[in-house]
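Listed below, chain by chain, are the residues.
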Amino acid sequence: EEGGGKKEINPYLTPYISCHSQSQSSKEESKKYSVVKIDPSLAPTTPVEALVLVVPYASNWIESDLHLSILTFMERMIKSPWLAKRILIVSPQQNSTSMQQFVEQFLEDS
């Protein structure tokens, strides 16, 4: 697919979490990644800071101990009354680049 696409998914059905699948293709390169955004549920103001966690590619998040831990972390953060920052969890959708290259690409897009 030429150009860029963005697809939103929310398996948790809560206004405090959003999941985006971002893909951009060009003749030079293809960038595909997913971003999960967790917003504080009880913060008095809109957060201006964010904590960004970059996790490696996994074809199945349930079978990977690291990724299953991230999913558990997300569930806990949704219910956390003390969370005051937005949390972004970023993961590549393919295993074609190193983590360093992926982070550099993500920062260029942000």
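Structure first, text after, so check above.
Quick caveat: nothing in here was measured; it's all calculated off a predicted structure.

Caption draft 1: Summary view of the pattern of salt bridges. All told, the structure shown has three salt bridges when counted by the stated rule. The shortest N-O distance in the salt bridge between Lys37 and Asp39 comes to 4.0 Å. Overall, the relative accessible area of 26% leaves Lys37 in the partly exposed class. Taking the relative accessible area as the measure of exposure, Asp39 reaches 16% and is therefore buried. We note a salt bridge from Asp39 to Arg86, for which the minimum N-O separation is 2.4 Å. Highlighted residues: Asp39 in the loop between strand S3 (30-38) and strand S4 (50-54) and Arg86 in strand S5 (residues 86-92), separated in sequence by 47 residues. Three or more residues are tied together by salt bridges with common partners; here these are Lys37, Asp39 and Arg86.

Caption draft 2: How the structure looks around the nonpolar core. In this structure, Ile17, Val36, Ile38, Met74, Ile87 and Ile89 are the most contacted members of the largest nonpolar core, which totals 13 residues. For this core, the elements supplying multiple residues, two or more each, are strand S2 (17-25), S3, helix H1 (65-79) and S5. Top contributing element to this core by residue count: H1, with five residues. Those residues within four positions of Val36 in sequence are excluded, and the remaining contacts are Ile17, Ser18, Cys19, Met74, Ile87, Leu88 and Ile89. Counting residues in hydrophobic clusters, the runner-up holds six residues, among them Val35, Leu88, Val90 and Phe106.

Caption draft 3: Local environment of H1. Spanning 15 residues, H1 covers 22 Å between terminal C-alpha atoms, matching the ideal 21 Å at 1.5 Å per step. Within the span of H1, buried status applies to His67, Ile70, Leu71, Met74, Met77 and Ile78. The buried side chains of H1 occupy one side of the element, clustering within an arc of 125° when seen end-on. In H1, those exposed residues whose orientation departs by more than 90 degrees from the buried face are Asp65, Arg76 and Lys79.

Reading the values: rules and limits
Residues numbered from 1 in each chain as written. Predicted model: local features only at pLDDT ≥ 70, side-chain atom pairs only at ≥ 80, totals over all residues. Heavy atoms only, no water. Salt bridge = Lys/Arg side-chain N within 4 Å of Asp/Glu carboxyl O. Buried < 20%, exposed > 50% of the residue type's maximum accessible area, 1.4 Å probe, protein only. Helix = DSSP H or I, 4+ residues; strand = E, 2+ residues; numbered from the N terminus. Core = buried A, V, L, I, M, F, W, Y, C linked by side-chain atoms within 4.5 Å. Contact = heavy atoms within 4.5 Å. Expected span 1.5 Å × (residues − 1). Arc of directions from axis to C-beta.

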